[in-house]
Amino acid sequence: MQNNILQILEENPLIPVVTINDLNDIDKIYIRLKSKNVRCIEITLRTDVSRESIKLFKEKYGDDFKVGVGTIVGAKDVQFCIDNRVDFMVSPGLAPAMIEPLEKSGIPFIPGVSTPSEIIKGLECGWKFFKFFPANIFGGIDALKTYANIFPSVKFCPTGGLNERNYKDYLKLDNVVSIGGSWLSK
Ligand code: 3PG
């Protein structure tokens, strides 16, 4: 399911969400993440150097790290991931035009949801692993506990507002496989 995203999530309970503004920061980021025993990175598509930084990170550290791409918002972004053989894809949402490209890419992917209706749309696609985003704004741990009752088969990767103090509480939940956050690389 979802091109086996579960394996990526299970092997990487902490997923650093990293926005790179300067290609010279790549080595620093790699060293910092490695020192925290993290072996994966989600590089967002949010800056002028995003695409180049994903290519460079993969070229330099792809043997050691799972290199994923975040902020996937359309079929073009999926094509970039296919062309560059990235290890996984993360979207902040779930749009009809992305369903087929994501499925056909062969690359593990996790779409974003925040509300029950969005979860139902995801279930209709035959999916059950979602990024819960932005977790802190959409009810955090309480919302996830409620979703566990309503959608017992669904598992989440909460992201947004997580930090050093609260991430362990999220990871304790049975319907949370991994968590994401930008603080991990800082
Ligand atoms: C994301 O894209 O997942 C968020 O920017 C990460 O949220 P955070 O900065 O609150 O960790």
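Our structure's up above, just so we're on the same page.
Read on for an overview of the structure.

Rules of the game
- Residues numbered from 1 in each chain as written.
- Predicted model: local features only at pLDDT ≥ 70, side-chain atom pairs only at ≥ 80, totals over all residues.
- Heavy atoms only, no water.
- Phe/Tyr/Trp six-rings, centres within 6.5 Å; stacked < 30°, edge-to-face > 60°.
- Helix = DSSP H or I, 4+ residues; strand = E, 2+ residues; numbered from the N terminus.
- Buried < 20%, exposed > 50% of the residue type's maximum accessible area, 1.4 Å probe, protein only.
- Core = buried A, V, L, I, M, F, W, Y, C linked by side-chain atoms within 4.5 Å.
- Axes fitted to C-alpha atoms, helices over the stretch in contact; angles between N-to-C directions.
- Parallel < 35°, antiparallel > 145°, perpendicular 65-115°, else oblique.
- Left-handed = near helix turned anticlockwise from the far one by under 90°.
- Contact = heavy atoms within 4.5 Å.
- Near = heavy atom within 4 Å.
- Polar contact = N/O pair within 3.5 Å; in protein donor to acceptor, adjacent residues only side chain to side chain.
- Areas by Shrake-Rupley, 256 points an atom, 1.4 Å probe, with all protein chains shown as cover.
- Nonpolar A, V, L, I, M, F, W, Y, C, P; charged D, E, K, R; others polar.

1. Remarks on the packing of aromatic side chains
What the rule picks out here adds up to 11 aromatic pairs. When the ring of F132 is compared with that of Y147, the centres are 5.8 Å apart and the planes differ by 80°; the resulting orientation is edge-to-face. Placement of the pair is F132 in strand β7 (residues 129–132) and Y147 in helix α7 (residues 140–150), with a sequence separation of 15 residues. The exposure classification of F132 matches that of Y147, with both residues buried.

2. Concerning the nonpolar core
A general feature of soluble globular proteins is that nonpolar side chains tend to end up buried together. One finds I41, F57, M89 and F156 to be the most contacted residues of the largest nonpolar core, which totals 47 residues. It is helix α2 (residues 26–35) that provides the largest number of residues to this core, a total of 4 residues. Counting 11 residues, the second largest nonpolar core, distinct from the first, contains I8, C40, F88 and F129.

3. Remarks on the packing of α2 against helix α3 (residues 50–61)
Between α2 and α3, whose axes approach to 11 Å, the crossing angle comes to 55°. It follows that α2 is oblique to α3 by the angle criterion. Relative to α3, the crossing made by α2 is right-handed. In this structure, α2 contributes I26, D27 and Y30 to the contact, and α3 contributes S53, L56, F57, K60 and Y61.

4. Considerations on the site of the ligand
Taken together, V17, R46, K131, F133, T159, G160, G161, G181 and S182 make up the full set of residues near the ligand. Note that an oxygen atom of the ligand is positioned 2.7 Å from one of the side-chain N or O atoms of K131. In this structure, G161 approaches the ligand through a main-chain N or O atom, which is 2.8 Å from an oxygen atom. When isolated, the ligand has an accessible area of 310 Å², and the protein chains bury 80% of it. Within the shell around the ligand, the residues separate by chemical class into 2 nonpolar, 5 polar and 2 charged.

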